[in-house]
Amino acid sequence: MELLFALTIGVLTSSGVYLLLRARTFPVVVGLTLLSYAVNLFLFSTGRLATGGQPIIGSTASYSDPLPQALVLTAIVIGFAMTAFVVVLSLRNLADNDDDHVDGHQGEDNETQLTREKEVTGK
Amino acid sequence: MSLPLVVLLPFLGAIAAPLFAQGGRTAIAIASSVPALIALAALFPHWQTLADGGVVLHSFEWLPALGISLSFRLDGLSLLFALLILIIGLLIILYARYYLKAKENVGKFYALLLCFKGSMLGIVLSSNLLLMMIFWELTSLTSFLLISFWTHKQDARRGARMALAVTGGGGLALLAGILLIGNIVGSFELDDVLAAGDLIKAHSLYPVALTLVLLGAFTKSAQFPFHFWLPHAMQAPTPVSAYLHSATMVKAGVFLMARLYPALAGTEQWFYMVSFTGMATLLLGAYTAMFKHDLKGLLAHSTVSHLGLITLLFGMGTKLAAVAAVFHVINHATFKASLFMAAGIIDHETGTRDMRRINGLWRYMPHTATLAMVAASSMAGVPLLNGFLSKEMFFAESLELNLPGLLAWLPPVIATLAGIFAVAYSARFIHDVFFNGKPVDLPIYPPHEPPRYMKIPVEILAFACIMVGIFPAVSVGPLLYAAASATLGGDVPEYHLTIAHGFNLPLLMSFVAFFGGLLMYSQRQRFFDFHARFKEIDEKAVFEAVVSRVVAKAQALTAWIENGSLQRYALWLVISVVAVSFVPLANLGIFVGENGLSPVDWPTGLAAAVLGICALATAAFHRDRFYALILLSVVGLVVALAFARFSAPDLAMTQLSVEVVTIVLLMLALYYMPSWTPIETTTPRRVRDVVIALIAGGGMTLVTLAMLTQPFTSISDFFLANSKPGGGGTNVVNVILVDFRGFDTLGEITVLAIAALGIYAMLKNTALTPPPGDGQGHAWSRDGHPLMLKLIARPMLPLALMVSVYIFLRGHNLPGGGFIAGLITSVALILQYIASGMIWTQDRVRFKYHNVIGLGLLFAVIAGAGSLAFNYPFLTSTFGYITWPVVGKFEVASAMIFDLGVYLTVIGATLLALVSIGRLSPHSAIKSKKEGA
């Protein structure tokens, strides 16, 4: 069971990281969501995997660790807030730049790069 | 108590003094004098203790864990410096009253001057080396601000920057040195460090520590090759030059050498580093001073030279040399400060400092001329003046150095040579300025004597030169003895402070220097011609060029690393995480821990397979965004199942409802975005990304596996045991959230609220036109709000609200609670938006989501603050049981109010985010406006 759980987290991480490295905002957001699943599962599993041990007093004989659960519960909600924020950021990027590339502009040619450098150095 | 007070007073004065600026220069000068007067009075009672070789210590704890304490220490050496700082400071305050013009910002000047005074007193009185370091840096900063006091002058700004760069850089080295010493000794307290001299010198890191400390001292005291900043610091107003850059601050480096003398001196390395640096500085400064036409330039280089002399004396390592060094600190401060003030008066009265134009001033200002001549003679080492005494001791000590072979000649020859130059430039100061024909083309003509009181500081210092010169034993004897005793750790050699020791070799050297110097001055034109053959290096231009080159390189490096590509940042981030975690994880060496693996049941295996396949498919088919989204939702649902499977019902419910909201959110975003991701990266790059992703995923698998199979102990037994008796609920997860760790939850819902408001703000004035179709040639469905969905959605709302109330109320005892209930309510409301449209729903929702968020946070805080009213800590909860009709006995916990806050915040934040995105379309904006009108 532990190996299966670990493999699942690994698969989620790999898929998430691959998508995180893409050039467009939407795959990146999807990648972040997958990564947050992986992280939530990982944090949750620090309390180890228990079957039928829900931490409700009086419901079973032995309880699973409630602390990681409380931690992950808020992490899920905050993760949602973060996803929403990133999504909105990418929408704003789309609105301002008319483009959904993560760099805010598509594979820039030499000319635009030059003007950007000029802006940076102020010459 | 008095020592911290002495340090603190000038800082308080710096705050108070500018308030008197309105009252004119006299008022602020008097106000600025008060701290020094009180400080002198506070130091006076300690004199007897110090004269007997005692030490006064006042210590307070500050950061004991870091070894930093607010401890102050007064012994002979620090008293000597404190007196110099306080007394010359008072004279400077008086002098600056007349030097500054009424329209200048005198408030700023006096405030900075007092800040400097406090910092400098801090250096000399600190007992803790790290505390001293803080004051050390403060003097660099105040010096920077004072040099650039005339901010409109470019030279002043550049000089200030150079001074700060050099002394600040040295300060860094010194800090490193001090940390090393503290590490070797195990304490930063001066008493411990001074007592541990043998330990430090025997330590293998001693050469490093010594070099670093000396770097700090040499930069501060303008020693070769760091001397160049001091002449450029002369762009400061003259009172600053006299005070900081000749009498006190530049002596901080020398003070440090004296202070740490017992701990660091007495080794070969100390001898060679300090004495040769001193020798080079002594000679170079004296030589350059001769050729400066600027009055202050001459004095600045002369100061460099004299600082080299003091350094050389400390470097010699003999006890008598250390006594001579301390003595010369006093003498140099008196004659050089008065010379600077005289130079300032001349500048003030003639409008120039160029010695080629200032001549024959004797006729116009005989009084000032007399004073300046006394001080300059002292600088030259003329008998019956104080400069002569310490120079004589210096000559004597230069003969005592036991260098091998011909090198033995080096110190006395250099000493005599520097003496010749000193006499020559002093003669120039006297002859060229006050005699030598008539003034040439002065901006202010005719010059006359300055205001009466402007001369008083000069008079006092010139008088001191004479008094010390004629009656050394009476005037400074006891103070010098106390200071020397403190420097040498109580072991003072026999020495005699008399004006004549009979005819001996040092006296002969003095004669050679005196007549040689006069001869050199009379033949000065030849030397000037000789000197003019060399191209003079403008240190400021070199320094500026170096600085601008470093800045350009730094900018290029920054531009290379931060090229603006988020994609590349993400890549570097992942690679660094992998790289950084590789070594500790490789050293872990565990694959499967002691607990071993447990068997897999087939439903779980199936679910895991679904999850894995869907996750991989999401990545593989991400170009078609809609499919990717559906696959993602499957992943999320299986994750919820996983929580349920492994005994976390609360998490399963949360994940389930969040999943719904997330997918709706992403669908909504996708409405505005292209539905297809183009291929942009080349195949090798994609292969590279796959490899990185596989490494990251593999690493996570190994870490998780290693962790899951390890036995562990948890702090949760406390929560399990106290949930019911302490928190009044049986759902431990919920009790942790709203009670045990309520403060964390408060922080988390605040973050949630901020994120939602951020989303609102980011989209407030943004409009996005969605593409006309789905990007594959299909137009959107015309039926935006299908009838079936509408009809099903509307009756769902009250039902869903009822469920959420139920989930909320039972949350304390069974899976549920504010988070989950809030999400369920949100989903129910979102369903109305989807089914009936933005406008229809918004018309029926009669409140703003901002207010819901605010109300939620308010409830949470009130629930927390309520306990304060009963003298319990913030967020202490209580609970009781009440009997409701029909329902029966019911438990009410104050934590439920807190949970209500959570509930409201979650609803407000979720809906505010989604509605903000929904409003983006200009379509809906126009419509809602129309309906509003």
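Just so you know, these numbers come straight off a predicted model, no measurement behind them.

**Considering the overall build of chain B**
Part 1: Looking only at helices and strands, chain B features 40 helices and four strands.
Part 2: Taken across its 933 residues, chain B has 48% of its residues classed as buried.
Part 3: Restricting to contacts in chain B with at least 6 residues of sequence separation, those with at least 24 account for 78%.

**Examining the overall build of chain A**
Part 1: Assigned secondary structure in chain A consists of four helices and zero strands.
Part 2: N-terminal to C-terminal, the α/β element order of chain A is α-α-α-α.
Part 3: Evaluated residue by residue, chain A yields a buried proportion of 59% over its 123 residues.
Part 4: Considering only contacts in chain A between residues 6 or more positions apart, those separated by 24 or more positions represent 48%.

**Observations regarding the pairing of strand β1 (residues 56-63) of chain B**
Consecutive side chains along a regular strand alternate between the two faces of the sheet.
Residue and element names in this part refer to chain B.
Part 1: Relative to strand β2 (residues 68-74), β1 is paired through seven bridges, and the arrangement is antiparallel. Bridging across to β2, Val 56 finds its partner in Leu 74.
Part 2: Counted along the chain from β1 to the antiparallel partner β2, the turn is four residues long, and its residue Gly 67 has a positive phi close to 75 degrees.

**Some thoughts on the UniProt feature "transmembrane region" (unreviewed entry) in chain A**
Part 1: Under the feature "transmembrane region" (unreviewed entry), the UniProt entry names residues 26-49 and 70-91 of chain A.
Part 2: With 83% helix and 0% strand, residues 26-49 of chain A has end C-alpha atoms that lie 33 Å from one another.

**Overview of the interface of chain B and chain A**
Part 1: With 102 residues of chain B at the contact, the number on the chain A side is 82 residues.
Part 2: In terms of residue count, the dominant contributor to the side of chain B that touches chain A is helix α31 (residues 683-708) of chain B (14 residues).
Part 3: Along the lines of polarity and charge, the residues of the side of chain B that touches chain A split into 65 nonpolar, 30 polar and seven charged.

**Section: unusual backbone geometry**
All names here are of chain B.
Part 1: A cis amide bond, omega 5 degrees, links Phe 224 with the succeeding residue Pro 225.
Part 2: Here Pro 225 is to be found in the loop between α10 (206-220) and α11 (229-232).
Part 3: Tyr 445 connects to Pro 446 through a cis peptide bond whose omega is -5 degrees.
Part 4: Mapped onto the secondary structure, Pro 446 falls in the loop between α20 (410-434) and α21 (452-470).
Part 5: The phi angle at Ala 222 is positive, at roughly 55 degrees, despite the residue not being glycine.
Part 6: Take Ala 222: it is sitting in the loop between α10 and α11.
Part 7: Overall, the presence of 29 C-beta atoms within 10 Å leaves Ala 222 in the buried class.

**Describing the packing of helix α30 (residues 649-672) of chain B against helix α36 (residues 818-836) of chain B**
Two quantities define a packed helix pair, namely the angle between the axes and the distance from one axis to the other.
Residue and element names in this part refer to chain B.
Part 1: The interhelical angle for the contact between α30 and α36, taken along N-to-C directions, is 30 degrees, at an axis separation of 9 Å. Comparing their axes, α36 and α30 come out roughly parallel. In this structure, α30 crosses over α36, and the sense of that crossing is left-handed. On the side of α30, the interface is formed by Asp 650, Met 653, Thr 654, Ser 657, Val 658, Val 660, Val 661 and Val 664, while α36 contributes Phe 819, Ile 820, Leu 823, Ile 824, Ser 826, Val 827 and Ile 830.
Part 2: When its residues are assigned to classes, the contact of α30 with α36 shows 11 nonpolar, three polar and one charged.

**Focus: the nonpolar core**
Part 1: Counting residues in hydrophobic clusters, the biggest one holds 198 residues, and the most contacted among them are Leu 313, Ala 322, Val 326, Leu 339, Ala 342 and Ala 375 of chain B.
Part 2: Ranked by residues supplied to this core, first place goes to helix α17 (residues 319-350) of chain B with 19 residues.
Part 3: Beyond its immediate sequence surroundings of up to four residues, Ala 342 of chain B is in contact with Thr 368, Leu 371, Ala 372, Ala 375 and Val 458 of chain B.
Part 4: Of all hydrophobic cores here, the second largest spans 131 residues; its members include Ala 75 of chain A together with Met 838, Val 902 and Leu 920 of chain B.

**Notes on the environment of Ala 102 of chain B**
Part 1: With respect to the helices and strands, Ala 102 of chain B occurs in the loop between α4 (76-99) and α5 (106-125).
Part 2: Sequence spacing of Ala 102 of chain B and Ala 21 of chain B is 81 residues, and the spatial spacing of their C-alpha atoms is 10.0 Å.

**As for helix α1 (residues 2-20) of chain A**
Part 1: End to end, α1 of chain A covers 27 Å across 19 residues, agreeing with the expected 27 Å (1.5 Å per residue, within 8%).
Part 2: Taking burial as the measure, the 19 residues of α1 of chain A include 16 buried ones, the bulk of the element.

**Looking at α4 of chain B**
Part 1: Between its first and last C-alpha atoms α4 of chain B spans 33 Å; for 24 residues at 1.5 Å apiece the expected length is 34 Å, and the two agree.
Part 2: In terms of burial, α4 of chain B is a largely internal element, 22 of the 24 residues being buried.

**Let's talk about the packing of α20 of chain B against helix α24 (residues 505-522) of chain B**
Residues and elements named next belong to chain B.
Part 1: Following both chains from N to C, one finds α20 and α24 inclined at 45 degrees, their axes separated by 7 Å at the closest point. In terms of orientation, α20 lies oblique with respect to α24. In terms of crossing hand, the pair formed by α20 and α24 is right-handed. Across the interface between the two elements, Pro 412, Ala 415, Thr 416, Gly 419, Ile 420, Ala 422, Val 423, Ala 424, Ala 427, Arg 428 and His 431 of α20 pack against Met 509, Val 512, Ala 513, Phe 514, Gly 516, Gly 517, Leu 518, Met 520 and Tyr 521 of α24.
Part 2: Taken together, the residues of the contact of α20 with α24 sort by class into 14 nonpolar, five polar and one charged.

About the cut-offs
Residues numbered from 1 in each chain as written. Chains lettered and ligands numbered in written order. Predicted model: local features only at pLDDT ≥ 70, side-chain atom pairs only at ≥ 80, totals over all residues. Helix = DSSP H or I, 4+ residues; strand = E, 2+ residues; numbered from the N terminus. Buried ≥ 20, exposed ≤ 12 C-beta atoms within 10 Å, placed from the backbone. Contact = placed C-beta atoms within 7 Å. Pairing = 2+ DSSP bridges. UniProt positions renumbered as here; feature names shortened; annotations may be inferred. Nonpolar A, V, L, I, M, F, W, Y, C, P; charged D, E, K, R; others polar. Axes fitted to C-alpha atoms, helices over the stretch in contact; angles between N-to-C directions. Parallel < 35°, antiparallel > 145°, perpendicular 65-115°, else oblique. Left-handed = near helix turned anticlockwise from the far one by under 90°. Core = buried A, V, L, I, M, F, W, Y, C linked by C-beta atoms within 7 Å. Expected span 1.5 Å × (residues − 1).

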